[in-house]
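Fold and geometry: a report
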Amino acid sequence: MARAAAAGVVIPDRLWTLSFPLLDGETHDSLERDLIDLVRGIPKGVNELFVRPHRLARPARPPAGRRADRRPVSRARRPLAYGAGNLGVQLLAQTFTNYATFYYVDRLGLNAALVGAVMIASGAALAILNPVIGHLSDRTRTRWGRRVPYIAAGTLPLAVVSAAIWAPPFHGHTALLWYFLVTVLVFDLLTITVVLNYGALFPEMFRTTRERAAVAPARQLFGIAGMILGVAGAPLLYGSIGWPAMGACFALLAAASLALSLHGSVERADVPHASFGFTAAVRYTLANRAFVTYAVGGLLLQLAMAIFQGGLPFYTEYALGLGDAANTAILGSLFAAAIPTLFVWGRLITRWGPRSAVLAATAVLAAALLPFLGASGLPAAMATGALVGVGAAGVMVLLEVLLADVIDDDTARTGARREGMYTGMNGFVVRWGTSLQAVLISGVLGASGYHAGAGHQPGSVDTGVRLLLGAVPIAVLLLAAASFLLYPLRDRTRAVSMAVEPVGEAG
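Going along each chain's sequence as written, the residues are numbered from 1 onward. A pLDDT threshold of at least 70 governs which residues receive local features in this predicted model, and a stricter bar of 80 or more applies before side-chain atom pairs are shown or counted, although totals over entire chains, interfaces and linings include all residues. Water and hydrogen atoms play no part in the side-chain values, which are based on all heavy atoms of the structure.

1. Some points on helix α16 (residues 460-470)
Here is the rule we go by: Exposure classes here rest on a 1.4 Å probe applied to the protein chains alone. A residue is buried below 20% of its type maximum, exposed above 50%, and partly exposed in between. Secondary structure is summarised from DSSP: a helix means a run of H or I of at least four residues, a strand means a run of E of at least two, and numbering begins at the N terminus for each. In what follows, residue pairs with any heavy atoms lying within 4.5 Å of each other are defined as contacts.
Within the span of α16, buried status applies to Val-461, Gly-464, Val-465, Arg-466, Leu-468, Leu-469 and Gly-470. Looking at the buried positions of α16, the neighbouring elements they touch are α11 (289-318), α13 (354-369), α15 (419-447) and α17 (472-485).

If you want it as structure tokens, here you go:
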């Protein structure tokens, strides 16, 4: 037997059961109905976004205390529709991060140093633009809200530019380099515009810790699907249909997922706006102790995961003596363990509160990394990778829940909702993790005697790569735990009082 879904999608019973093994029968059937309805909603969302954009100009801003006529999806199904956008976000990000340099250097023949300079320049621009665009979003006032117009206007251009990265029309090195520079900068600008506003909707749409703890795992589940497609699916596609066709397929899928997220996005009428300018907004944000401790702790958590991800290929090559297949197997075990435990962490957040839960996730992640110091075979490394997945799932869920709490606390202090500025400033901080990761990995490898391109590495490299996975990230995680111990917002599950009505709320 197979389950017939919308739009001709057929889901085999066996695959459906394996996908959600922890759900009871009633929840299982309810989730099936929700997903089928969401699949049916994709053509409508794409049609409204790309085919009939003039419809966005019709709704009038609802008076205070009244609801708009727009009814995107029911309240119960809204989290799945909104969370689906994370698939597109991660798909584009992971594909670009993992393969853009390889494509332009190895396949198109550009100078590696020049491509690296472009990536560094785009990263710096991305970091600086994050708080600027976030503040602009906070101060935007339209009849359709503050965030949705940016997502709706930016999704199609983002998809077009992301596809264009993989289909350059030039072959000369000079023209190709300029093309790469311009497309990457435009891609980064559009990515910030769409992704920042998409993320800024989360604290506004879901107002309590309980709601956020229920929605964040689903959002991260879509994100993991996007990661897997971007990392593992890209080689399969560009190897069979070519790079331009791969880029077009991924762009269409990302646009569809973001269109579906708009179908489930709800903004609030008469949200209190900040009246101060950009400089004052930055100053107030950096003076918020809760944000500073969160941002430092979050940077260190993501740095630890980045060191693990960047160091894993060296570990499988020089500690295990295996190739890329082993790297894929370890990451596969990590994702397999992370997917179901996302929802476990959601329950723990509700029971323990975000601060206690993030300390627990940090401890689990540190303990999981320790066996890499001695793991001597692929089965042991895969088991260790699965344990890392459990801790990583907690980190993924908790970082956005904690940031939402910081934003709520700021609202109580300033009287304004500033999701854009806080999301942008957090993006600014996190961007520097990439540079720190490169410094730490290259420093450890250099100290161990590693020589790039050498046919044979000294035995000390084995020790170095084991420390890179089993010791260096743990030291970083201890610093993260210290930062979260200073985090001043104690665990709470109360809703933040907001005397505003949702726009487009389904009754």
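2. Thoughts on the packing of α13 against α17
The condition that has to hold: Each axis is a line fitted through C-alpha atoms, taken for helices only over the stretch in contact, and angles between the N-to-C directions span 0 to 180 degrees. If an angle is under 35 degrees, it is roughly parallel; if it is over 145, roughly antiparallel; if it lies from 65 to 115, roughly perpendicular; otherwise it is oblique. Residues are grouped as follows: nonpolar covers Ala, Val, Leu, Ile, Met, Phe, Trp, Tyr, Cys and Pro; charged covers Asp, Glu, Lys and Arg; every other residue, Gly included, is treated as polar.
Two elements in contact, α13 and α17, have axes separated by 10 Å at closest approach and are oriented at 170 degrees. Compared by their axis directions, α13 and α17 come out roughly antiparallel. Residue-level inspection shows Arg-355, Val-358, Leu-359, Thr-362, Leu-365, Ala-366 and Leu-369 of α13 in contact with α17, the latter providing Pro-473, Ile-474, Leu-477, Ala-481, Phe-484 and Leu-485. Here the contact of α13 with α17 is built from residues that sort into eleven nonpolar, one polar and one charged.

3. Focus on helix α10 (residues 278-286)
Of the positions making up α10, those classed as buried are Ala-280, Ala-281, Val-282 and Thr-285. Looking at the packing, one finds that the buried side of α10 touches α5 (112-139), α11 and α15.

4. Some points on the packing of helix α7 (residues 173-205) against helix α8 (residues 209-240)
Viewed as axis vectors pointing N to C, α7 and α8 meet at an angle of 155 degrees, and their least axial separation amounts to 10 Å. What the angle tells us is that α7 and α8 run roughly antiparallel. Of the residues in α8, those touching α7 at Tyr-198, Phe-202 and Pro-203 are Arg-212, Val-215, Ala-216 and Arg-219. Each residue belonging to the contact of α7 with α8 can be placed in one class, and the counts come to five nonpolar, no polar and two charged.

5. Quick word on the pattern of salt bridges
Inclusion rule: Salt-bridge detection follows one rule: a side-chain nitrogen of Lys or Arg within 4 Å of a carboxyl oxygen of Asp or Glu.
The tally for this structure, following the rule as stated, stands at 14 salt bridges. In this structure, Asp-410 engages Arg-418 in a salt bridge whose closest nitrogen and oxygen atoms are separated by 3.0 Å. Owing to a relative accessible area of 1%, Arg-418 belongs among the buried residues under this scheme. A salt bridge links Asp-462 to Arg-466, with the nearest nitrogen and oxygen atoms 3.3 Å apart. Placement of the pair is Asp-462 and Arg-466 together in helix α16, with a separation of four residues, close to one helical turn. Of the residues examined, Arg-466 reaches a relative accessible area of 12% and is grouped as buried. Each of Asp-138, Arg-146, Arg-147, Glu-204, Arg-212, Asp-405, Asp-408, Arg-417 and Glu-419 takes part in a single network of salt bridges with overlapping partners.

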